[in-house]
Amino acid sequence: MQIEVLKSKIHRVRVTEANLDYVGSITIDKALMEAANIIAGEKVQIVDNHNGERFETYVIEGEAGSGCICVNGAAARRVAVGDVVIIMSYGIMEFEEAKTFRPSVVFPDTETNRIVR
């Protein structure tokens, strides 16, 4: 049996842009993507801590070190610049593998969206 489990999580980053006039997706700072083991084109779930919205989209790579978290397209209506969001992706794996799997979880500085070391 296969199950879906948390693979990657960027916990509490601040939305820096909301671009309605774009085809869709979320642009994420490349450094955050790499730290969380997320790749361009990957499906992610976004949870907005300020308004409770939850939605799914795919990832576009942003400039490394920029702190960019830009929600694009129609999803831009579900956030406001300054909102704190959690970004998660999931993987499908065998049940036994899932028991020992450890997701990549990143806790960036919420003010700068940069990785705290």
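Cut-off values and rules
- Residues numbered from 1 in each chain as written.
- Predicted model: local features only at pLDDT ≥ 70, side-chain atom pairs only at ≥ 80, totals over all residues.
- Heavy atoms only, no water.
- Patch = residues over 30% accessible without salt bridge, like charges linked within 9 Å, V, L, I, M, F, W, Y side chains within 5 Å.
- Areas by Shrake-Rupley, 256 points an atom, 1.4 Å probe, with all protein chains shown as cover.
- Salt bridge = Lys/Arg side-chain N within 4 Å of Asp/Glu carboxyl O.
- Helix = DSSP H or I, 4+ residues; strand = E, 2+ residues; numbered from the N terminus.
- Pairing = 2+ DSSP bridges.
- Axes fitted to C-alpha atoms, helices over the stretch in contact; angles between N-to-C directions.
- Buried < 20%, exposed > 50% of the residue type's maximum accessible area, 1.4 Å probe, protein only.
- Core = buried A, V, L, I, M, F, W, Y, C linked by side-chain atoms within 4.5 Å.
- Contact = heavy atoms within 4.5 Å.

Draft legend 1. Structural view of a nonpolar patch on the surface. Together, Tyr22, Val23 and Tyr58 line one region of the surface with nonpolar side chains, adding up to about 330 Å² of accessible area. Mapped onto the fold, Tyr22 is located in the loop between strand 2 (17-19) and strand 3 (25-29).

Draft legend 2. Up close: the sheet that holds strand 4 (residues 43-48). Strand order in the open sheet formed by eight strands is 2-6-3-5-4-7-1-8, and the pairing between neighbours is mixed. With one partner strand each, in any of the chains shown, strand 2 and strand 8 (104-106) form the two edges of the open sheet. With direction set aside, neighbouring strand axes in the sheet form an average angle of 30°. Across four bridges, strand 4 lies against strand 7 (residues 84-94) in antiparallel orientation.

Draft legend 3. Up close: the pairing of strand 3. The element strand 3 is extensively covered by neighbouring structure, given that five of its five residues are classed as buried. Across four bridges, strand 3 lies against strand 6 (residues 69-72) in antiparallel orientation. In the strand pairing of strand 6, Thr27 is matched with Cys70. Where strand 3 meets strand 5 (residues 54-62), four bridges bridge the pair, whose relative direction is parallel. The residue of strand 5 that forms the bridge with Asp29 is Gly62.

Draft legend 4. Representation of the nonpolar core. Ile10, Ile26, Ile28, Ile69 and Ile87 are the most contacted members of the largest nonpolar core, which totals 20 residues. Among the elements of the structure, strand 1 (2-14), strand 3, helix 1 (30-36), strand 4, strand 5, strand 6 and strand 7 are those that each provide at least two residues to this core. No other element matches helix 1, which puts three residues into this core. Those residues in contact with Ile69, other than ones at most four positions away along the chain, are Val13, Arg14, Val15, Thr16, Glu17, Ile26, Thr27, Ile28, Leu32, Val85, Ile87 and Asn113.

Draft legend 5. Region of interest: the environment of Thr110. With respect to the helices, strands and loops of the structure, Thr110 is situated in the segment after strand 8. Along the primary structure Thr110 and Val13 are separated by 97 residues, whereas in three dimensions their C-alpha atoms are 5.0 Å apart. Setting aside residues no more than four positions away along its own chain, Thr110 makes contact with Arg12, Arg14 and Val84.

Draft legend 6. How the structure looks around the environment of Ser89. For Ser89, the position within the fold is in strand 7. Ser89 sits 46 residues away from Lys43 along the chain, and the two C-alpha atoms are 6.5 Å apart. Beyond its immediate chain neighbours, meaning those up to four positions away, Ser89 contacts Val5, Leu6, Lys7, Ser8, Ile38, Glu42, Lys43 and Val44.

Draft legend 7. Seen up close, the pairing of strand 4. For strand 4, the tally of buried residues reaches five of six residues, placing the bulk of the element in the interior. Judged from the five bridges that link them, strand 4 and strand 5 form a sheet pairing that is antiparallel. Opposite Val47, over in strand 5, you have Arg54 as the bridge partner. Between strand 4 and the antiparallel strand that follows it, strand 5, lie five residues; Gly52 among them carries a positive phi value of about 85°.

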